[in-house]
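Coordinates in review
As a plain string of letters, each chain reads:
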Amino acid sequence: MTHPPQPPLKTIFPESSLAKRMAVRALRWYAKTLPKAPPFPPPGDAPVRILIQSMGGIGNSLMATPLIAATRKLYPNARIDLLTTPGAAELLKTDPNLNEVLVDQDGSDYSRKKYRTLNRKIKSNNYQAAILTLNAVTFRFAVRSVMCRIPIRVIHRYDFLPHDDFIAAFNLVVERDRGKHDVENNVALLEALSRTKVPSEPLGIHLRDSEYSEAFSGLLSVGVSEAQPIFGMCPG
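If you tally the helices and strands in the protein, you get 8 helices and 6 strands. When the elements of the protein are put in sequence order from the N terminus, they spell out α-β-α-α-β-α-β-α-β-α-β-β-α-α. Here the protein holds 236 residues, and 42% of them are scored as buried. For the protein, the share of sequence-separated contacts (at least 6 apart) that also reach a separation of at least 24 residues comes to 66%. Total accessible area computed for the protein in this model is approximately 13,000 Å², and 58% of it derives from carbon and sulfur atoms.

Across the protein, the average pLDDT comes to 85, with 89% of residues at 70 or higher. Note that residues 3-13 has pLDDT below 50 and, in this model, 25 contacts with residues that lie over four places away or in other chains.

Turning to the sheet that holds strand S6 (residues 172-174), a few remarks are in order. The strand order across the open sheet built from 6 strands is S3-S2-S1-S4-S5-S6, with neighbouring strands paired in parallel fashion. Single-partner strands in this sheet number two, and they are strand S3 (100-103) and S6. Taken pair by pair, the neighbouring strands of this sheet meet at an average axis angle of 20°, ignoring direction. Note: strand S4 (residues 129-132) against strand S5 (residues 152-156), 3 bridges, orientation parallel. When the sheet's bridge partners are listed, Ala130 is paired in S5 with Arg153.

Another point: the packing of helix H5 (residues 112-124) against helix H6 (residues 139-147). One can describe the packing of H5 onto H6 by two numbers: an axis separation of 10 Å at closest approach and a directional angle of 35°. Crossing geometry of H5 relative to H6 is assigned as right-handed. In this structure, H5 contributes Tyr115, Leu118, Asn119 and Ile122 to the contact, and H6 contributes Arg140, Val143 and Arg144. Class assignment of the residues belonging to the contact of H5 with H6 gives a composition of 4 nonpolar, 1 polar and 2 charged.

What follows covers a positive patch on the surface. Together, Arg112, Lys113, Arg116 and Arg120 make up a positively charged patch on the protein surface. For Lys113, the position within the fold is in helix H5. Under the relative-accessibility criterion, Lys113 is labelled exposed at 63%.

Turning to the nonpolar core, a few remarks are in order. In this structure, Ile122, Ile155 and Phe166 are the most contacted members of the largest nonpolar core, which totals 32 residues. Contributing elements (two or more residues each) for this core: helix H1 (18-33), H5, S4 and H6. Ignoring anything within four residues of it in the chain, the contact list for Phe166 reads Val24, Leu27, Arg28, Val137, Thr138, Phe139, Ala142, Ile155 and Phe160. Listed in part, the 27 residues of the second largest apolar core include Phe40, Ala78, Ile131 and Val187.

Using the criterion set out here, one finds 10 salt bridges in the structure. Notably, a salt bridge pairs Lys121 with Glu100, separated by 3.4 Å at the nearest N-O pair. A residue pair is termed long-range when its members are at least 10 positions apart, and Lys121 in helix H5 and Glu100 in strand S3 qualify at 21 residues. Note on Glu100: relative accessible area 23%, which makes it partly exposed. Linking Glu211 and Arg208 is a salt bridge whose minimum nitrogen-to-oxygen distance equals 3.6 Å. Residue classification places Glu211 among the partly exposed positions, given a relative accessible area of 26%.

The rules behind each value
- All chains use their own residue numbering, which begins from 1 and follows the written sequence.
- Totals for whole chains, interfaces and linings use every residue, but because this is a predicted model, local features are given only for residues with pLDDT of at least 70 and side-chain atom pairs only at 80 or more, for both listing and counting.
- Excluded from the side-chain calculations are hydrogens and water; all other atoms, namely the structure's heavy atoms, are used.
- Going along the chain from the N terminus, every DSSP run of H or I of four or more residues is numbered as a helix, and every run of E of two or more is numbered as a strand.
- Whether a residue is buried, partly exposed or exposed follows from its accessible area with a 1.4 Å probe, protein chains only, as a fraction of its type maximum: under 20%, in between, or over 50%, in that order.
- The criterion used for residue contact is that any of the two residues' heavy atoms lie within 4.5 Å.
- To measure how exposed things are, a 1.4 Å probe is used in the Shrake-Rupley method; for residues, cover is taken only from the protein chains shown.
- What pLDDT conveys is the predictor's confidence in a given residue, as a value from 0 to 100.
- What makes two strands pair is DSSP finding at least two bridges between them.
- An axis is simply a line fitted to the C-alpha atoms; with a helix, the fit covers only the stretch in contact. Between two such axes, the angle follows the N-to-C directions and lies from 0 to 180 degrees.
- Throughout, a crossing is termed right-handed when the near helix is turned clockwise from the far one, and left-handed when it is turned anticlockwise from it by less than a right angle.
- For this scheme, ten residues count as nonpolar: Ala, Val, Leu, Ile, Met, Phe, Trp, Tyr, Cys and Pro. Four count as charged, namely Asp, Glu, Lys and Arg, and the remainder, Gly too, count as polar.
- Exposure above 30% relative accessible area and no salt bridge define the residues that can form patches, which grow by joining like charges within 9 Å and nonpolar side chains of Val, Leu, Ile, Met, Phe, Trp and Tyr within 5 Å.
- Should a side-chain nitrogen of Lys or Arg be within 4 Å of a carboxyl oxygen of Asp or Glu, the pair is scored as a salt bridge.
- His residues and chain termini do not enter the charge count, which takes Lys and Arg as positive and Asp and Glu as negative.
- Lysine's charge is taken at NZ, arginine's at CZ, aspartate's at CG and glutamate's at CD.
- Throughout this description, the term nonpolar core refers to a set of buried Ala, Val, Leu, Ile, Met, Phe, Trp, Tyr and Cys residues connected via side-chain atoms within 4.5 Å.

Take a look at the structure:
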């Protein structure tokens, strides 16, 4: 099955902006100045440090939960942090496979000062690898792993226009298989990093007991009894 070419993804710069062209060129140049990354350790007990960047909102971050779980299984002693949006952070902050959830700004709350502050924190954490999950890969998000000098930067290949193509700043680029689900494509990033075939993991949301109780009380309040079957549907 063939798929039509995808339009270039948006960045924080206007499509025809000279500033964007210069920024992308500068990023590619800066990436070439970084030292060559050593091979990433094979799966095992090594205390590796991995940053997973999932910036596509709640739905896309949910599609990253099998990747998070698989990473923890391969590297049980790793520090695994997630960088995501405010809404998705609320959903994933209780995931036991994560050490820390870092919260980025949303589009309406963008501040260069906050952006630089978060970059300093990421750099101080000394991650060995950054994994950028599928979709929502913009220049503003992608530049972090380069400017924070993370040695191994893993990303899918995208159909960018030449002046928008910052993929050359990443040193482990994985071809996206459009015949597979987003979950499988996300896990393929880990397979490339670990050089290991990764078994599939289910989607996972880890709720507190209080959140289960709140949801159950809400259902009771609208007349849904405990004995009734419930069908949920979320189109979109």
